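These are the residues of each chain, in order.
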Amino acid sequence: DKDGLTAVGTMAELALRTYRNGDTLSKHMQNLYDKYGEFCSNNGYYFCHDSKVTQKIMEKIRNGGDYMKSVGPYSVKSIRDLGFPGFDSTTEDNKPTLPVSKSSPMMTIHFTNGCVAQFRASGTEPKFKYYIEMQGKPGVKRDVVERDLKKCSNTI
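Residues numbered from 1 in each chain as written. Predicted model: local features only at pLDDT ≥ 70, side-chain atom pairs only at ≥ 80, totals over all residues. Heavy atoms only, no water.

Participant: Would you mind showing me how to read unusual backbone geometry here?
Facilitator: Peptide bonds are mostly trans, and most non-glycine residues show a negative phi. Residue Pro85 is reached from Phe84 by a cis peptide bond, and omega for that bond is 5 degrees. For Pro85, the position within the fold is in the loop between β3 (74–81) and β4 (87–88). A positive phi angle, near 50 degrees, is found at Asn63, a position not held by glycine. Relative to the elements of secondary structure, Asn63 occurs in the loop between α3 (51–62) and β2 (70–71). (Helix = DSSP H or I, 4+ residues; strand = E, 2+ residues; numbered from the N terminus.)

Participant: Can you walk me through the state of the cysteines in this structure?
Facilitator: Simply put, the disulfide is a covalent bond whose two ends are the sulfur atoms of two cysteines. For the coordinates displayed, the defined rule picks out zero disulfides. Considering cysteine sulfurs only, Cys152 is the nearest to Cys115, which forms no disulfide, with 3.4 Å between them. Its relative accessible area of 0% is what places Cys152 among the buried residues. (Disulfide = S-S within 2.5 Å. Buried < 20%, exposed > 50% of the residue type's maximum accessible area, 1.4 Å probe, protein only.)

Participant: Looking at this structure, I do not really get the nonpolar core. What am I missing?
Facilitator: In globular proteins that are soluble, nonpolar side chains generally tend to be buried together. Of all hydrophobic cores here, the largest spans 23 residues; its most connected members are Ile79, Met107, Ile109, Phe111, Cys115 and Phe119. Mapped onto this core, the elements with two or more residues apiece are α3, β3, β5 (106–111), β6 (115–121), β7 (127–135) and α4 (142–155). By residue number, the principal contributor to this core is β7, which donates four residues. (Core = buried A, V, L, I, M, F, W, Y, C linked by side-chain atoms within 4.5 Å.)

Participant: I would appreciate a short explanation of the pattern of salt bridges in the present structure.
Facilitator: Pairing is possible between side chains that carry opposite charge, provided their charged atoms lie close to one another. Summed over the entire model, instances satisfying the criterion amount to six salt bridges. Three or more residues joined by partner-sharing salt bridges are found here, namely Glu38, Arg142 and Glu146. (Salt bridge = Lys/Arg side-chain N within 4 Å of Asp/Glu carboxyl O.)

Participant: I tried to follow the packing of aromatic side chains on my own but got confused; where do I start?
Facilitator: Aromatic ring pairs: the centre-centre distance and the angle between the two ring planes describe each pair. Taken as a whole, this structure holds four aromatic pairs when the rule is applied. Seen in terms of ring centroids, Tyr46 and Tyr130 are 5.8 Å apart; in terms of plane orientation they differ by 35 degrees. Their pairing is tilted. Within this pair, whereas Tyr46 is found in strand β1 (residues 39–47), its partner Tyr130 is found in strand β7, the two being separated by 84 residues in sequence. According to the relative accessible area criterion, Tyr130 is buried, its value standing at 17%. Cation over ring: Lys102 sits above Phe84, and NZ or CZ is 4.6 Å from the ring centre. Over the ring of Tyr45 we find Lys127; its NZ or CZ atom is 3.8 Å from the centre of that ring. (Phe/Tyr/Trp six-rings, centres within 6.5 Å; stacked < 30°, edge-to-face > 60°. Lys NZ or Arg CZ within 6 Å of the ring centre and 35° of its normal.)

Given below as structure tokens:
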């Protein structure tokens, strides 16, 4: 599909530039991790053949507009809800700057420990998808970031 072709083209450009500079992609990535910190993710999905279940999950998170302040021991820094009518705790008027949708809502929760969790229904398959990510601080080893992400993911 077109996204895959764009990704292949971009990766080929990066590889060409990296190799011309006498480096490898692995070394280039490690230099980025050393500078910005390790990035780890826990992504997946649950089969959900009834769209009403997805709606109920989103409604439970919305809690009638009284969004959660924490999940277990993890404090929520911000929430962006792109379902109708929309909510973004980072804007002055709490309205998202991104488009909202009744038919394909997406929720993003940022935690104070750096973890970010996104939830949405697939637009093409009967799946409820989640993307849970964490950026470590520069100098923090990958296994430490992975361990912290796993703890946070298990709680979420």
